[in-house]
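Chain and residue survey
Residue-level listing of the chains:
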Amino acid sequence: AQTVTQSQPEMSVQEAETVTLSCTYDTSESDYYLFWYKQPPSRQMILVIRQEAYKQQNATENRFSVNFQKAAKSFSLKISDSQLGDAAMYFCAYRSPSNSGYALNFGKGTSLLVTP
Amino acid sequence: DVKVTQSSRYLVKRTGEKVFLECVQDMDHENMFWYRQDPGLGLRLIYFSYDVKMKEKGDIPEGYSVSREKKERFSLILESASTNQTSMYLCASSTGPYTEAFFGQGTRLTVV
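Conventions used here
Residues numbered from 1 in each chain as written. Chains lettered and ligands numbered in written order. Predicted model: local features only at pLDDT ≥ 70, side-chain atom pairs only at ≥ 80, totals over all residues. Heavy atoms only, no water. Helix = DSSP H or I, 4+ residues; strand = E, 2+ residues; numbered from the N terminus. Rg over C-alpha atoms; globule rule 2.2 N^0.38 Å. Areas by Shrake-Rupley, 256 points an atom, 1.4 Å probe, with all protein chains shown as cover. Disulfide = S-S within 2.5 Å. Buried < 20%, exposed > 50% of the residue type's maximum accessible area, 1.4 Å probe, protein only. Contact = heavy atoms within 4.5 Å. Pairing = 2+ DSSP bridges. Buried area = accessible area lost by both parts, 1.4 Å probe. Salt bridge = Lys/Arg side-chain N within 4 Å of Asp/Glu carboxyl O. Polar contact = N/O pair within 3.5 Å; in protein donor to acceptor, adjacent residues only side chain to side chain.

Once that is clear, we can look at the overall build of chain B. Looking only at helices and strands, chain B features zero helices and 11 strands. Listing the helices and strands of chain B from first to last along the sequence gives β-β-β-β-β-β-β-β-β-β-β. For chain B, the C-alpha radius of gyration of 13 Å lies close to 13 Å, the compact-globule estimate for 112 residues. Taking the principal axes of the C-alpha coordinates as reference, chain B spans close to 40 × 25 × 25 Å. When the accessible surface of chain B is totalled, it reaches about 5300 Å², and 50% of it is carbon and sulfur.

What follows is the structure, encoded as structure tokens:
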């Protein structure tokens, strides 16, 4: 089974600053999909950004961008101009198109604290 | 705008009880999932279903079963609840591999 590792249990950033959350994964496949989900205190999981492995260009969504390094099996999330509302748990996830049902494999999460 | 609905937000049950957690989605998705979320362990897949009456075990199926009689509804069953099943349970649904998975609000289950 593919494993996803988030090595930072907690991170802290000041408002308006930039922070990068790390994610590595282990797979023998060449075709797969990567996701970052955000879980605020409301518990609602929200998709932040996604990346297709066959696309070399890094995905961006407004203040959120990824650094996808396929050879290194690394998928980090950069949050620019951090806002108080960015405080949440962030989960990195892997999905293989060869798995029935397309289940997501999640990392253990990184808790992001945003300070004024 | 609700897409995935879990029947309870909080639930308290006694050891040995049979517990049903219900999940309904209104997006006509083929795939539905049950995850368990514990601090420091992330989300772990319990069971999933890719069609009506079809189900597959995830990473931690022991002590759980599921039922999917209709496309929109996926139930998680704890046959005999135990204290080590106290956790947050999240239901999700999706279609293809690149599509967004939509999650319910979670059920925080406490077994006493």
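A word on the state of the cysteines. All names here are of chain A. Inspection of the entire model under this criterion finds two disulfides over all chains. Across the disulfide, Cys 23 is cross-linked to Cys 92 (sulfur-sulfur distance 2.0 Å). Sign of the S-S torsion, about -70 degrees for the bond between Cys 23 and Cys 92, identifies this disulfide as left-handed. Linking Cys 23 in the loop between strand E3 (19-21) and strand E4 (24-26) with Cys 92 in strand E10 (residues 88-95), this pair joins segments that are 69 residues apart in sequence. Of the residues examined, Cys 23 reaches a relative accessible area of 2% and is grouped as buried.

Now for the environment of A:Gln6. Residues and elements named next belong to chain A. By the element assignment, Gln 6 lies in the loop between strand E1 (3-5) and strand E2 (10-14). Residue classification places Gln 6 among the buried residues on the basis of a relative accessible area of 8%. Through-space distance from the C-alpha of Gln 6 to that of Cys 23 is 4.8 Å; in sequence the pair is 17 residues apart. Apart from the residues within four sequence positions on either side, Gln 6 is in contact with Ser 22, Trp 36, Tyr 90, Phe 91, Cys 92, Gly 107, Lys 108, Gly 109 and Thr 110.

Let us look at the pairing of strand E11 (residues 107-111) of chain B. Residue and element names in this part refer to chain B. Residues of E11 alternate between two faces, with Thr 107, Leu 109 and Val 111 buried on one and Arg 108 and Thr 110 left unburied on the opposite face. By the bridge criterion, four bridges tie strand E2 (residues 10-13) to E11 in an arrangement that is parallel. Across the sheet, the residue bridging to Lys 13 is Val 111, located in E11.

On to the interface of chain B and chain A, then. Opposite the 30 residues of chain B that make contact, chain A presents 23 residues. Here chain B packs against chain A, burying approximately 2300 Å² in sum over the two surfaces, 53% of which is carbon and sulfur. On the chain B side of the contact with chain A, B:Pro97, B:Tyr98 and B:Phe103 bury the most area, a combined 33% of that side's loss. Taken together, chain B and chain A are joined by zero salt bridges. Here chain B and chain A share 12 residue pairs in polar contact (both at pLDDT 80 or more) between them.

Bear in mind that shape data such as this cannot, by itself, settle questions of function.
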